[in-house]
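In case you want the letters, here they are:
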There are 8 protein chains.
Amino acid sequence: MDKQTIMELFSAIASGDVTPQAAYDRLKIMPFEDLGYAKVDHHRAVRQGASEVIFGQGKTPEQISGIARSLMNNGAEGILITRLDERTAHALDPELHAEYHSAARIAVVRIKPADIQTGSVVIASGGTSDIPVCEEAALTAEFLGSKVTRLYDVGVAGIHRLLSHLPLFAKARVIIAVAGMEGALPSVLGGLADCPVIAVPTSIGYGASFGGLSALLTMLNSCASGISVVNIDNGFGAGYLANMINKMKGAAE
Amino acid sequence: MDKQTIMELFSAIASGDVTPQAAYDRLKIMPFEDLGYAKVDHHRAVRQGASEVIFGQGKTPEQISGIARSLMNNGAEGILITRLDERTAHALDPELHAEYHSAARIAVVRIKPADIQTGSVVIASGGTSDIPVCEEAALTAEFLGSKVTRLYDVGVAGIHRLLSHLPLFAKARVIIAVAGMEGALPSVLGGLADCPVIAVPTSIGYGASFGGLSALLTMLNSCASGISVVNIDNGFGAGYLANMINKMKGAAE
Amino acid sequence: MDKQTIMELFSAIASGDVTPQAAYDRLKIMPFEDLGYAKVDHHRAVRQGASEVIFGQGKTPEQISGIARSLMNNGAEGILITRLDERTAHALDPELHAEYHSAARIAVVRIKPADIQTGSVVIASGGTSDIPVCEEAALTAEFLGSKVTRLYDVGVAGIHRLLSHLPLFAKARVIIAVAGMEGALPSVLGGLADCPVIAVPTSIGYGASFGGLSALLTMLNSCASGISVVNIDNGFGAGYLANMINKMKGAAE
Amino acid sequence: MDKQTIMELFSAIASGDVTPQAAYDRLKIMPFEDLGYAKVDHHRAVRQGASEVIFGQGKTPEQISGIARSLMNNGAEGILITRLDERTAHALDPELHAEYHSAARIAVVRIKPADIQTGSVVIASGGTSDIPVCEEAALTAEFLGSKVTRLYDVGVAGIHRLLSHLPLFAKARVIIAVAGMEGALPSVLGGLADCPVIAVPTSIGYGASFGGLSALLTMLNSCASGISVVNIDNGFGAGYLANMINKMKGAAE
Amino acid sequence: MDKQTIMELFSAIASGDVTPQAAYDRLKIMPFEDLGYAKVDHHRAVRQGASEVIFGQGKTPEQISGIARSLMNNGAEGILITRLDERTAHALDPELHAEYHSAARIAVVRIKPADIQTGSVVIASGGTSDIPVCEEAALTAEFLGSKVTRLYDVGVAGIHRLLSHLPLFAKARVIIAVAGMEGALPSVLGGLADCPVIAVPTSIGYGASFGGLSALLTMLNSCASGISVVNIDNGFGAGYLANMINKMKGAAE
Amino acid sequence: MDKQTIMELFSAIASGDVTPQAAYDRLKIMPFEDLGYAKVDHHRAVRQGASEVIFGQGKTPEQISGIARSLMNNGAEGILITRLDERTAHALDPELHAEYHSAARIAVVRIKPADIQTGSVVIASGGTSDIPVCEEAALTAEFLGSKVTRLYDVGVAGIHRLLSHLPLFAKARVIIAVAGMEGALPSVLGGLADCPVIAVPTSIGYGASFGGLSALLTMLNSCASGISVVNIDNGFGAGYLANMINKMKGAAE
Amino acid sequence: MDKQTIMELFSAIASGDVTPQAAYDRLKIMPFEDLGYAKVDHHRAVRQGASEVIFGQGKTPEQISGIARSLMNNGAEGILITRLDERTAHALDPELHAEYHSAARIAVVRIKPADIQTGSVVIASGGTSDIPVCEEAALTAEFLGSKVTRLYDVGVAGIHRLLSHLPLFAKARVIIAVAGMEGALPSVLGGLADCPVIAVPTSIGYGASFGGLSALLTMLNSCASGISVVNIDNGFGAGYLANMINKMKGAAE
Amino acid sequence: MDKQTIMELFSAIASGDVTPQAAYDRLKIMPFEDLGYAKVDHHRAVRQGASEVIFGQGKTPEQISGIARSLMNNGAEGILITRLDERTAHALDPELHAEYHSAARIAVVRIKPADIQTGSVVIASGGTSDIPVCEEAALTAEFLGSKVTRLYDVGVAGIHRLLSHLPLFAKARVIIAVAGMEGALPSVLGGLADCPVIAVPTSIGYGASFGGLSALLTMLNSCASGISVVNIDNGFGAGYLANMINKMKGAAE
């Protein structure tokens, strides 16, 4: 519904190619398909290079399969299904040939081979327990076409583990820093690296971690520059944003 | 203290140009100058193109002036002083020739003329009261070399005001979405735009806004993709990160 | 116990038709029947057009059946049982002929055919996962005699899905806006529509949604006018209030 | 930007009365005037009967005066300025002839005489200290054309004070129940009255009232039906919504 | 409005002494006087032995003076005004001859000499800073006729100070335990004493005391039996309840 | 360890009946028996009339049985075991002949017949779901010798149900008011009754009831006098304190 | 990576024994072994006397066994595995000969006999239910070589149980005070003892204990000196720190 | 009131040197002096080497002066007055010759020259704004006889500043880590150092730092071992505990 689309529609009306009523109807139905339980958005497919994402949590296997088929019928070349528990994954329409990654709770549907992965996204985790969230981020960024390097269990309580990988961080275009408990990893990375750092708090911890709230607050209060934060355990959001930044073209002067 | 610096130091030891003791001493003092009350970091100047930032809150005019002089003596070509109240600003060393922006609570010190501003950062605010935080972000991004477009008072409760500016958002490289109260602006922009959206909750509101907590939670829970969040009222952090993303060069394949 | 009831009772005493002691006893037992575990209120039946509501949560099948029979014996023509889990629903007295809606967790008992549904209540949801709360609201409003239009999965992160239904919102007498996660839907609708908007936060989400708290705060802080909020997941409360407003008669000048 | 407006615009294009470019430009600027610091919305004026509202908090006297003049120039017949502190009120452009109510922190600008007040809105408060919030609600509803009855200091800790006014509540079309501290007034009124009850928590209290949070939670958890809640101290929102409900016309069958 | 009152009213109607309309009117106005800004309750005076309490916070000197005069005109023999800041106290009607206690923020008006103080209420504080809340409790209980013993600065971090006063606690009929910070005093007293302990958290503290929340939670979670809690800093409530318990007569078998 | 006990011990030392070392040893072991996992307190038995209480939660059947036997061997005539789940109850030592009440999660062991129940404790609940907490309070107070009247489902949203029982409240020596959701019952009762009201918030509710927090805050902020609060769901604490107050003897002048 | 290590490395470069590239590589890999899912730290083993700790929560049996074998291959003489649930414990590599303590959820692997336990750590608990956390602390401190005395069920609600053990506390070098519910034990001990007190809040409790938050706040706000706090239920952290303090050598003047 | 004191008292009774009544009286008054508003504790003086501490906040100059004189009359050789605002400090009894440190809000009274400072306490701060809390800790530890090294502005966002001081941390006996904002400093230090780390969160920050809550949670959730936490801004508590640990003598085997 950007200016160009509206202008073209207006021009078509002016030229008589389209009646006002038809224009209104087209405006109304154009960007998505209505399945009753969901409005499938065929707009984003265009914007993000023929790939689509379905948020799986709270949807039945039938709903997910239906949305996926609608997307495929409209030209999607790949579909990423997130927050998908094992049981729902196995109940998906088998014709989707969905490949399921249980740690990341992600299924991938590929109609055409994926693009070559480019750029450099580094994903670092504070501990071993944060790996599922990291994998959700990693698979998302890879699905969307980014090259990803994983670096797990480099929390700040053993800072030498982190420092031994400085050259890796120096070459990254974007860093995703995933940590539960005290969540201090992004602050340290933000001070060391020169690229954007996406901080992901996880719900790993106990007691006063309050389901990830402690790590979330730590990251929001970081003194380092270049850091921003996504929701607790939101590996997908971090991977999606990281890919978006990683894929940026140079600005014209 | 990246690999190259360490390698050069090691090579200098191996060649006899530097004794081990001197190497250790150099490692210790190299990246910053110790003023007692502050360790001034001359490293970042190199990384961010000869410009420096001082966080003014909680520092005396003498401390800020001292840090600024230390930076200038080490080659800084511009200094940004943030979170600076009016009274402290007027008590700064007059030789700094600091230019003070009262709404944004920012002072700018320019030794050399600033670089030309490039790219496209769009800053949108939900209401008129959010303008000070917006200006902090705008002046920061401009100081660091980004071209900034301001678009104020386009909150989601009057969605037509926002929709009338769609072409502007379509051309942005990065969007900073600033909102208090319910903080829904980033969600709507995240669904409309194809670039990274940096969400800044503000403390504007009353009652159950709880000093910006409500807007913060809204933004963290956004269903739209490509959004990340910084601390409440953290205009500087948003401007800094936006400039970093805006200035990205295209990735090599 | 409104003025008229008290006045009639007083008049009956004055006329000698009722003794003071009998008056007191009538005042004491009149408005409800005491089942021991519950005081069944036969007052509301009169007020709301011969229909009754039982809050099912935390009650045994025997208690619910007992209350329902007490209501039927006192002239109720329809009974709505809310927050009723599947297991309790199936253990209800079969003579009630209760019709169970599992998504909405609601059972309906109909002694006489329902009235014709009038007016216009529009129920919009942010996502597919919010449907159960929407259905609780929809069935409640329909049970009480309102005409309901459902419009699901029109969250603000894809604002064009919402805008394509503007004429529908323009014709509504009341809108129920149901959303979890960031909960921004009511704000946008409140700005577009000219009728009361009842906002229902849901517990759908994860991480910093804190069981619906984030959506609740968003809705309370809405900048749009004409919005009010009910408890998290309180579909019944929204449906009940929507029907009350929908059924309003025009005010005498 | 409702269907009719869009249809008319499209028709104008089709008839050649408007060029596509002009249509786009009209769409862009039509609903509001851009003052730089604010986008003044001339749409709402039409919808709400030639009256306008300015949220005063966080705006300078110059900004408020500017918005008011813009509204008047576009045909507003009355302007309500809310959350206006005494000092700002006195610095407003004197040509506005604004009438200031200090308890309610409201200023009223009247270009034409107000309409006759109709219907019946009852505003009840728990205590004497809640009166400012009540007055904000009362003046708002009266400004918009509702007849308002005030009933202050009838909190539930002295339930007989409330019960003695039952006939008043029985005749109300809408009730606004304002209370701080434990905030139980709406629950009791919701059980007694048959009309919508708008609950307004206030920040009156100390200790565990946590700035109105306690009253807010009480109201959200009310067991009575027909109750909805607005933000803490949001007298304006309650008055606006009450007027909207009070003014409803009867639904066509 | 207890049974006896209603029965007498009904009997008067039955005997023709009172018309139904007059009965209704009497029911409406009987228990209090309406000053517009306050409904003065003349009921409680009867219940609590001819003494009355005015909550001063948020009321103007004129309002307080007006309520006090209304009470005096209806037979009050003593009036306690709580939460009264110094400035308001000095602006009270001088004819009230109010005696102001600044630490406790309480004013006492005595029309007749107070009753002799009986029983035994012991008030213990954790620290010196809690004294104002203690004095509010002490003056309240004394005003209502209880004998009070003060024991300040006996916090649990120096348990020997407390233990040296065991005989005093053993003879108490009620104990009021006042503490800020960690708020552990009631737990220790509850374990040592055999009488009811009223716990009063205070807002004394800093950092994680969160305005008294920490002490409040401690007291609610006490493992000792016989303890109950009032609001933060609610010295009045504690003194009022302590007097009520202290004055209890022995139960008939 | 009250004054009398210490004085007797000192006198025994002075008279030579007890050596200093024996005195110290006696002081050390006198008030309780050490079972390793628990220090059984034989002191309280004396204070509370030969009856004892065991907090069952988090203890194994063996630990509870062991503590019970230790109490019986030291003269306890009755034992109350609280917070006892069904499974643990059935695994208790059968020789205890414990009588289990499943709704209240309480087991009673009676060695001698209980005393006659005296006085008057009234227990009122807001809803049917609050009954388990009420029963915990009721059984506790009855076990300790109080006469208890139960009055369930009289919440404030149907105030006439409550008002019809005014004479009952007027005759109570203590009232226990139990409520979840908005928790407003104690406020209304506190305004109607002249005796101490013990407020018990319950975890009954959903959404913004936050596990009873909402009801707890309501009760702490009550405007009515004579109210104090115990922990969420703490029926035992309320019953224990109610009995203590109910059993009070008249104070000597 | 302390000065000595760096100096030796630099000297080796200067002497030609190590090339700059080799020095960098050594710096990079020296302190730990990379298992992919974990970076095993062989540094700490040296620091803490040849004993190692693995945090078991969130790791698979295979991951834990792999880390343990890596540690043993590098000279660890004992391994402590914490937060290990029963099922994972039984699935560990049997060659580890791990000894499992189910209450404390700890497994101990001993390659060589443990050192003699020295010093004096006293662990006191408020109640019987706190024992699992106590045992986690006790086993940790004993594993690391401290002599531990356990003193359970001495909560402040029965202060005489605590006072009878004063001599024990007087002889302690460090005290660990473990308590849930109101968490007041550390305050009382802090006032009685002259050594450091480590406070451990536990999640034992119900209602307003909020999963240990209440006890945590109590301990942070303690008025007694010499107290510090660890995370809720963090028995390991307390045991580790207690051993560290207990093993301190006297300071040189 | 340790065993020895009680044993001596008992022996004195047995020998007839002290009557039972006198023994009781001595037990009662021995450990402190009662000033009415405060119970001055002369016990701690003995325990902590003839030095005393007064918590100044919430006390009048007269109260503080009175307590100080009482301490001096009982042999105190030095007095530390904490949380003392400038105005109160200047109103202290001039005969105390108190030396005031305004940043730390501490006054020191010295009767005899202080002992030589021994051991090694290192105090590190995250930023310049944390210095006042650091100084409170430093002056406290120095007052009590510890040698203190200050190291300010070494936050984790510039990790190289911290690493350059590793040798200092390696030689510390205790480290006090002071940080606001994200509060990550203790985690990094805890991983680097082998001695106890006392973490002090400060209220420095804005937005989601929530007055120090964010830093507090970070520190409680630290993954590093050997860390414990004190209250927000509690420099005194940290300094006191650090001195206690620093002064420890080696344990006998």
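Residues numbered from 1 in each chain as written. Chains lettered and ligands numbered in written order. Predicted model: local features only at pLDDT ≥ 70, side-chain atom pairs only at ≥ 80, totals over all residues. Heavy atoms only, no water.

### Thoughts on helix H11 (residues 235-246) of chain G
Taking 1.5 Å of rise per residue, 12 residues should cover 16 Å, and H11(G) covers 16 Å from first to last C-alpha, within 8% of that figure. For H11(G), the buried fraction is high: 12 of the 12 residues fall into the buried class. (Helix = DSSP H or I, 4+ residues; strand = E, 2+ residues; numbered from the N terminus. Expected span 1.5 Å × (residues − 1). Buried < 20%, exposed > 50% of the residue type's maximum accessible area, 1.4 Å probe, protein only.)

### Looking at the domain arrangement of chain A
All names here are of chain A. Examined at the domain level, chain A breaks down into domain 1 (3-110) and domain 2 (118-246). Each side of the interface is counted separately: domain 1 has 17 residues, and domain 2 has 12 residues. Both sides together, the interface formed by domain 1 and domain 2 hides about 1,100 Å², and carbon and sulfur atoms give 68% of it. Residue glutamate 136 pairs with arginine 83 through a salt bridge whose shortest N-O separation is 3.8 Å. At the surface where domain 1 touches domain 2, the tally comes to 2 residue pairs in polar contact (both at pLDDT 80 or more). Here the residues of the side of domain 1 that touches domain 2 sort into 8 nonpolar, 5 polar and 4 charged. (Domains from an automatic or database assignment. Contact = heavy atoms within 4.5 Å. Buried area = accessible area lost by both parts, 1.4 Å probe. Salt bridge = Lys/Arg side-chain N within 4 Å of Asp/Glu carboxyl O. Polar contact = N/O pair within 3.5 Å; in protein donor to acceptor, adjacent residues only side chain to side chain. Nonpolar A, V, L, I, M, F, W, Y, C, P; charged D, E, K, R; others polar.)

### Quick word on the packing of aromatic side chains
This structure, assessed with the given rule, holds 16 aromatic pairs over all chains. Ring geometry for Tyr206(A) versus Phe55(G): centroids 6.5 Å apart, planes at 25°, classification stacked. Here Tyr206(A) is found in the loop between strand E10 (197-201) and helix H10 (213-220), whereas its partner Phe55(G) is found in strand E3 (residues 51-55) on a different chain. A residue is classified by how much of its surface remains accessible, and Tyr206(A), at 12% relative accessible area, is buried. Overall, Phe55(G) belongs to the partly exposed group, its relative accessible area being 31%. The side chain of Arg83(F) reaches across the aromatic face of Tyr206(G), ending 3.8 Å from its centre. (Phe/Tyr/Trp six-rings, centres within 6.5 Å; stacked < 30°, edge-to-face > 60°. Lys NZ or Arg CZ within 6 Å of the ring centre and 35° of its normal.)

### Description of helix H6 (residues 131-143) of chain B
Residues and elements named next belong to chain B. The terminal C-alpha atoms of H6, which comprises 13 residues, lie 18 Å apart, in line with the 18 Å expected from a rise of 1.5 Å per residue. When we look at burial in H6, the residues that qualify are Ile131, Val133, Cys134, Glu135, Glu136, Ala137, Ala138, Leu139, Thr140, Ala141, Glu142 and Phe143. In the segment just after H6, glycine 145 is the residue with positive phi, at about 110°.

### As for the side chain of Glu142(F)
All names here are of chain F. Counting through the fold element by element, glutamate 142 comes out in helix H6 (residues 131-143). Polar side-chain contacts of glutamate 142 include one of 2.9 Å to the side chain of arginine 150. Discounting chain neighbours no more than four positions away, the residues touching glutamate 142 are Gln117, Val148 and Arg150.

### A look at the environment of Ala137(G)
All names here are of chain G. Along the chain, alanine 137 turns up in helix H6 (residues 131-143). Classification of alanine 137 as buried rests on a relative accessible area of 0%. For the pair alanine 137 and alanine 224, spaced 87 residues apart in sequence, the C-alpha to C-alpha distance is 22 Å. When neighbours within four sequence positions are excluded, alanine 137 is seen to be in contact with Ile123, Ile176, Gly235 and Gly239.

### Details of the relation of the copies chain G and chain H
At an RMSD of 0.0 Å, chain G and chain H line up after a rotation of 180° and a shift of 0.0 Å along the axis. Overall, the copies show the geometry of a two-fold rotation axis. Looking at chain G, 100% of its interface residues are interface residues in chain H too, so the copies touch through the same face. (Least-squares fit on C-alpha atoms with pLDDT ≥ 70 in both.)

### Some words on the environment of Ile232(C)
Tracing the sequence through the fold places Ile232(C) in the loop between strand E11 (227-229) and helix H11 (235-246). Distance from Ile232(C) to Met72(C), taken between C-alpha atoms, is 31 Å for residues 160 residues apart in sequence.

### Side note on the interface of chain G and chain H
Counting residues at the interface gives 37 residues for chain G, matched by 37 residues for chain H. The interface formed by chain G and chain H includes 0 salt bridges. Seen at the junction of chain G and chain H, the total is 6 residue pairs in polar contact (both at pLDDT 80 or more). Counting only elements with at least two residues in the side of chain G that touches chain H, the list comes to helix H3 (43-47), strand E7 (118-125), helix H8 (166-171), helix H9 (185-192), helix H10 (213-220), strand E11 (227-229) and H11 of chain G. Among the elements that line the side of chain G that touches chain H, the one with the most residues is H11(G), at 6 residues. Classifying every residue of the side of chain G that touches chain H gives 19 nonpolar, 11 polar and 7 charged.

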